[in-house]
Amino acid sequence: MTASTTPGRRPPSQQIADELRQAIADGSLGPGARLPSERALAQEYKAARNTAARALQLLEEQGLITIEHGKGAFVRERQRLFRFGNDRYSFRHRATGLTPFRLEVTQQGKEPRVDVVGITREDPPEDVAERLGVAGPGSVLHRENHYFADDEPVQIVSTFLRWDEVHDTPLMQPKTGKNGIYGRLEDLGHVMTTGRDEVTARMPTPEETETLQLPAGVPVVEVLHTSFDQNGEPFEVTRYVHRADRTGLVYDFPVDQTEEDA
């Protein structure tokens, strides 16, 4: 094979990347497979070694491979951790005593871990203040957790609660007890009856890249969750930042069959 540039054709590095991408897509190079070395690719495509190196870099930037210095380049695993949007809050799971994250991870055959990295009184971000209905300095408690599955970082979770409600409760402690924060919020009179998830995708901040150990070019999926209680009052807002290459979102929903009069 050769990779040469002619008018209207893609650069050689992109041509090599295109062929390798197709091999990954059709399964010729499966998850975990080691790609040919830069030297081998350069020989196969009759290209310069730096051209082959750029081709591998392009695939890494697209999240298709990981390059481990001294070991080689490998096709990324496709396995994802699924977030079951409505089922995760179902009361039928309460007997387990597990939080939604721990339950989901356990059900998917992985070992969950949660690191509590901060419990602080803060000014609310604008989008949180709007959804939680709070205003003013220090009006929210911010709990930040880092979530792991099999010791791999998968989520950054920032939960915001009204300071006036929770400042003298177990919600100030790292371990909140059975059923997690939702159990303690129920103790305060807030039983979740509905929720709203606002889902967006974006590129990560440098801090998120470091915390989630993101490969180059991998975006994040952000879920801004608002919980509503039996009175229709919002009582908790949580921002979930997921690795897009390790996350799937699954939602079941009812269909409104109300017909309007013509």
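Overview of the structure.

Cut-offs applied
- Residues numbered from 1 in each chain as written.
- Predicted model: local features only at pLDDT ≥ 70, side-chain atom pairs only at ≥ 80, totals over all residues.
- Heavy atoms only, no water.
- Helix = DSSP H or I, 4+ residues; strand = E, 2+ residues; numbered from the N terminus.
- Buried < 20%, exposed > 50% of the residue type's maximum accessible area, 1.4 Å probe, protein only.
- Contact = heavy atoms within 4.5 Å.
- Areas by Shrake-Rupley, 256 points an atom, 1.4 Å probe, with all protein chains shown as cover.
- Lys, Arg positive; Asp, Glu negative; His and termini not counted.
- Charge placed at Lys NZ, Arg CZ, Asp CG, Glu CD.
- Pairing = 2+ DSSP bridges.
- Axes fitted to C-alpha atoms, helices over the stretch in contact; angles between N-to-C directions.
- Phe/Tyr/Trp six-rings, centres within 6.5 Å; stacked < 30°, edge-to-face > 60°.
- Lys NZ or Arg CZ within 6 Å of the ring centre and 35° of its normal.
- Parallel < 35°, antiparallel > 145°, perpendicular 65-115°, else oblique.
- Left-handed = near helix turned anticlockwise from the far one by under 90°.
- Polar contact = N/O pair within 3.5 Å; in protein donor to acceptor, adjacent residues only side chain to side chain.
- Expected span 1.5 Å × (residues − 1).

1. Focus: the overall build of the chain
Point 1. Within the chain, the secondary structure is distributed over eight helices and 10 strands.
Point 2. Each principal axis of the C-alpha atoms in the chain carries an extent, and together these give about 70 × 55 × 40 Å.
Point 3. For the chain, the residues scored as buried account for 44% of the 262 residues in total.
Point 4. Counting contacts in the chain only where the partners sit at least 6 residues apart, residues at least 24 apart contribute 60% of the total.
Point 5. Of the accessible surface of the chain, which amounts to about 14,200 Å², a share of 50% is contributed by carbon and sulfur atoms.
Point 6. Treating the 31 positive side-chain charges of the chain as one cloud and the 42 negative ones as another, the clouds have centres 8 Å apart.

2. What about the sheet that holds strand E9 (residues 234–243)?
Point 1. Strand order in the open sheet formed by six strands is E4-E5-E6-E9-E8-E7, with antiparallel pairing between adjacent strands. Only two strands of the sheet have a single partner each, and these edge strands are strand E4 (112–122) and strand E7 (194–202). Averaged over all neighbouring strand pairs, the angle between strand axes comes to 15 degrees, with direction disregarded.
Point 2. Note: strand E8 (residues 220–228) against E9, nine bridges, orientation antiparallel.

3. Some points on the packing of aromatic side chains
For any pair of aromatic rings, geometry is given as the distance between the ring centres together with the angle between the planes.
Point 1. Using the criterion set out here, one finds three aromatic pairs in the structure.
Point 2. Taken together, a centroid distance of 6.3 Å and an interplanar angle of 35 degrees make the contact between Phe-82 and Phe-84 tilted.
Point 3. Note on Phe-82: relative accessible area 33%, which makes it partly exposed.
Point 4. The class of Phe-84 is partly exposed, set by a relative accessible area of 29%.
Point 5. Ring plane angle 40 degrees and centroid distance 4.2 Å describe the contact between Phe-101 and Tyr-147, whose orientation is recorded as tilted. One end of the pair, Phe-101, is in helix H4 (residues 100–107); the other, Tyr-147, is in strand E5 (residues 140–149), and 46 residues separate them in sequence. The two residues Phe-101 and Tyr-147 agree in class, both being buried.
Point 6. Positioned above the aromatic ring of Tyr-240 is the side chain of Arg-83, whose terminal nitrogen or guanidinium carbon lies 4.2 Å from the ring centre.
Point 7. Sitting over the face of the ring of Phe-148, Arg-113 holds its NZ or CZ atom 3.8 Å from the ring centroid.

4. Points about the pairing of strand E2 (residues 72–75)
Point 1. In terms of strand pairing, strand E1 (residues 65–68) meets E2 through four bridges, oriented antiparallel. Within E2, the position partnered with Glu-68 by the bridge is Gly-72.
Point 2. Where E1 folds back on E2, the antiparallel hairpin that results is connected by three residues, among which Gly-70 adopts a positive phi of roughly 85 degrees.

5. Remarks on the packing of helix H2 (residues 38–45) against helix H3 (residues 49–61)
Packed helices, taken two at a time, are described by the angle their axes make and the gap between the axes.
Point 1. H3 packs onto H2 with a crossing angle of 110 degrees between their chain directions and a minimal axis gap of 8 Å. Considering the angle they form, H2 stands roughly perpendicular to H3. For the pair H2 and H3, the sense of crossing is right-handed. Along the contact surface, H2 presents Glu-38, Arg-39, Leu-41 and Ala-42, while H3 presents Arg-49, Ala-52, Ala-53 and Leu-56.

6. Describing the side chain of Thr-247
Point 1. Secondary-structure assignment places Thr-247 in strand E10 (residues 247–250).
Point 2. At 2.6 Å, the side chain of Thr-247 and the backbone oxygen of Arg-243 are in polar contact.
Point 3. Setting aside anything within four residues of it in sequence, one finds Thr-247 in contact with Arg-80, Leu-81 and His-242.

7. Regarding helix H1 (residues 12–25)
Point 1. Helix length check: H1 (14 residues) gives 20 Å between terminal C-alpha atoms against 20 Å at 1.5 Å per residue, within 8%.
Point 2. Tucked inside the fold, the buried residues of H1 contact H2, H3, E1 and E2.
Point 3. Taken from the residues just after H1, Gly-27 is the one with a positive phi, measuring 90 degrees.

8. Description of unusual backbone geometry
Point 1. Positive phi is not limited to glycine here, since Lys-46 has a value of about 50 degrees.
Point 2. Relative to the elements of secondary structure, Lys-46 occurs in the loop between H2 and H3.
Point 3. With a phi angle near 65 degrees, Asn-179 is a residue other than glycine that sits in the positive phi range.
Point 4. Structurally, Asn-179 is set in the loop between helix H6 (163–166) and helix H7 (180–187).

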